[in-house]
Amino acid sequence: MSDLVPADTTEDVRTRGAGVSRQVAVLPVGSFEQHGPYLPLSTDTLVACAVAREIAGAYPVHLLPPVTISCSHEHAAWPGTVSISSVTLHAVVRDIADSLRRSGVDTLVVVNGHGGNYVLGNVVQESSARGERMALFPAAEDWEAARERAGVITSLLTDMHAGEIETSILLHAHPEMLRPGYETTDFVADDRRHLLTLGMSGYTDSGVIGRPSLGSAEKGKELLASLADSFGAYFSMLTSDA
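Below is a summary of the structure that appears in this document. On a predicted model such as this, the values are computed, not experimentally measured, just so you know.

1. What to know about the pattern of salt bridges
Argument step 1. Summed over all chains, the structure comprises 13 salt bridges.
Argument step 2. Overlapping salt bridges bring together Arg94, Asp98, Arg101, Arg130 and Glu132 as one network.

In C-alpha cells form, the structure reads like this:
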C-alpha cells in the first residue's frame, strides 16, 4: 500500500518543509477503466503513482495519495469502467490546491496517468492565470524523451492504451498485477479521428491499442528514471522566485 498511499506523518511534512524555500506537492491522478483483458482497471493510477513516487525519491516534494477515478467516458462500453464528470475532476483538483495553500503548500504538480483527463490542462491554465503555482506533468515531450531513452519501439501515436509503455511500467513497478496473455494482444489503430464521438469501442474490440508484447521491466525502469530527470526543469521553475 505504501506504493499508492504515502506513509508520511505530519512531522515528516513539517521537517521537509523547513528545509526548502517553497513546498511543492505532487498529486497523482489516475483512472479506473478497462485496459484490455490482462492489465488491471487501476493501470493509470498505478502508472501515475509510480511516476510520482520516482519524483518523490529524487526531489523534496510532498507526495499526496492518488485520485483514482477520473474522466474515462470513452471506455464506458467495457465492464468495470467508472467515470466522474470533467466538472467534478476540475473541482476536486481545485479544492486540493486550495486546501494545500491553507496549510502552507502553495505549489501543486498534477501527475496525470490518463490521456482522457483533458480538463486537467484547463485547471492548470486557469490557476496559473490567477497567479497560483501549478503544473501538469508529464508533457508529451517528457514522454517522448522517456520513450527514446528506454528504447520503447512503439510511437506515442500508436502506443495509445494498454500498450508498450504502460505494460513496461507495470512490469517494473507492479509485475504481480499483470495477467498472462498481454503478450498476444497487440492491436494498432493509428487513425482515431472520431474517438471523442465513437469512444474506444469504435476502434478496438479488446480495449487495447498498442503493442503490449514489446513491454519489459527494463524499459519500465528507464521510463521512470527519464521522467524523474525531466521533472527537474519543472521543479526549478516552480520553486524559482522569478
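There is more to say after this.
2. A word on the packing of helix α6 (residues 164-173) against helix α8 (residues 217-239)
Argument step 1. The contact between α6 and α8 brings their axes to 7 Å, and the two run at 95°. As the angle between them shows, α6 and α8 are arranged roughly perpendicular. Residues Glu164, Ile165, Ser168, Ile169, Leu171 and His172 of α6 touch α8, and the partners they reach there are Ala217, Lys219, Gly220, Lys221, Leu223 and Leu224.
Argument step 2. Taken together, the residues of the contact of α6 with α8 break down into six nonpolar, three polar and three charged.

3. Side note on the nonpolar core
Nonpolar side chains tend toward joint burial in soluble globular proteins.
Argument step 1. Formed by 37 residues in total, the largest nonpolar core has its most connected members in Val26, Ile55, Val109, Val111, Phe137 and Phe231.
Argument step 2. Breaking this core down by element, the ones donating at least two residues are β1 (24-29), α2 (43-58), β3 (107-112), β4 (133-137), α5 (140-150), α6 and α8.
Argument step 3. Sequence-distant contacts of Val111, that is, excluding residues within four places in its chain, are made with Val26, Leu27, Pro28, Val29, Ala48, Val51, Ala52, Ile55 and Phe137.

4. Describing the packing of α2 against α6
Argument step 1. Between α2 and α6, the least distance of the axes is 10 Å, while the angle of their chain directions is 65°. When the interaxial angle is binned, α2 and α6 end up roughly perpendicular. Between α2 and α6 lies a crossing of left-handed hand. Contacts from Thr43, Asp44, Leu46, Val47, Ala50 and Arg53 of α2 reach α6 at Glu166, Ile169, Leu170 and Ala173.
Argument step 2. Here the contact of α2 with α6 is composed, by residue class, of six nonpolar, one polar and three charged.

5. Points about the sheet that holds strand β2 (residues 62-63)
Argument step 1. Taking strand neighbours across the sheet as the criterion, the four strands line up as β2-β1-β3-β4 in an open arrangement whose pairing is parallel. Edge strands, defined here as strands with exactly one partner in the open sheet, are β2 and β4.
Argument step 2. Its contacts with the sheet place α2 against β1, β2, β3 and β4, and it is angled at close to 160° to β1.
Argument step 3. The strands touched by α8 are β1, β3 and β4; relative to β4, the strand with the most contacts, the crossing angle is about 165°.

6. Concerning empty space enclosed by the protein
Where empty space is left in the structure can be found by rolling a water-sized probe over the atoms.
Argument step 1. The final tally for this structure, using the stated rule, is one cavity of 30 Å³ or more.
Argument step 2. Taken together, eleven residues make up the lining of the largest cavity; nearest its centre are Asp3, Leu4, Pro6, Cys49 and Leu63.
Argument step 3. For the lining of the largest cavity, the leading source of residues is α2, giving three residues.
Argument step 4. Here the residues of the lining of the largest cavity are counted per class, giving eight nonpolar, one polar and two charged.

7. Quick word on the side chain of Thr43
Argument step 1. On the secondary structure map, Thr43 appears in helix α2.
Argument step 2. Every residue in contact with Thr43, bar those within four places of it in the chain, is listed here: His35, Glu166 and Leu170.

8. Side note on the layout of surface pockets
Argument step 1. By volume, the largest pocket amounts to about 750 Å³.
Argument step 2. Taken together, 31 residues line the largest pocket, and the ones lying closest to its centre are His114, Gly115, Trp143, Asp159 and Met160.
Argument step 3. Breaking the lining of the largest pocket down by element, the ones donating at least two residues are α2, β4, α5, α6 and α7 (195-198).
Argument step 4. At three residues, α6 tops the list of elements feeding residues into the lining of the largest pocket.
Argument step 5. A breakdown of the residues in the lining of the largest pocket according to their chemical character gives 16 nonpolar, nine polar and six charged.

9. Some thoughts on the pairing of β3
Argument step 1. Of all six residues in β3, six are buried; the element is thus mostly enclosed.
Argument step 2. Alternating positions in β3 separate into two faces, Thr107, Val109 and Val111 on one and Leu108, Val110 and Asn112 on the other, with burial throughout.
Argument step 3. Where β1 and β3 come together, six bridges link them in parallel fashion. Following the sheet pairing, Pro28 is matched in β3 by Val111.

About the thresholds
- By convention here, each chain's residues receive numbers from 1 onward along its written sequence.
- Per-residue local features are limited, in this predicted model, to residues with pLDDT of at least 70; the limit for side-chain atom pairs, both in listing and counting, is 80 or more; totals at the level of whole chains, interfaces and linings are taken over all residues.
- The side-chain values count all of the structure's non-hydrogen atoms but skip hydrogen atoms and water molecules.
- Definition used for salt bridges: Asp or Glu carboxyl oxygen within 4 Å of a side-chain nitrogen of Lys or Arg.
- Inter-axis angles, ranging from 0 to 180 degrees, are taken between N-to-C directions of lines fitted to C-alpha atoms, where helices are fitted over the stretch in contact.
- Put simply, DSSP H or I for four residues or longer makes a helix, DSSP E for two residues or longer makes a strand, and each gets a number counted from the N terminus.
- Here the word oblique covers every angle except those under 35 degrees (roughly parallel), over 145 (roughly antiparallel) and from 65 to 115 (roughly perpendicular).
- Every residue pair with non-hydrogen atoms within 4.5 Å of one another is taken to be in contact.
- Classes in brief: Ala, Val, Leu, Ile, Met, Phe, Trp, Tyr, Cys and Pro nonpolar; Asp, Glu, Lys and Arg charged; the others, Gly included, polar.
- By convention a nonpolar core is built from buried Ala, Val, Leu, Ile, Met, Phe, Trp, Tyr and Cys residues, the set being connected through side-chain atoms within 4.5 Å.
- Burial here depends on accessible area, computed with a 1.4 Å probe over protein chains only, as a share of the maximum for the residue type. Under 20% is buried, over 50% is exposed, and the range in between is partly exposed.
- Note on convention: the crossing is left-handed when the near helix lies turned anticlockwise from the far helix by less than a right angle, right-handed when the turn is clockwise.
- Paired strands are those between which DSSP finds at least two bridges.
- Only protein atoms enter the calculation, which uses a 1 Å grid: trapped sets of points that fit a 1.4 Å probe without letting it out are cavities, open sets showing protein on both sides within 12 Å along at least five of seven lines are pockets, and any residue with an atom within 4 Å of a point is a lining residue.
- Grid points are joined across faces, edges and corners, and a volume is the space filled by probe spheres set on the points.

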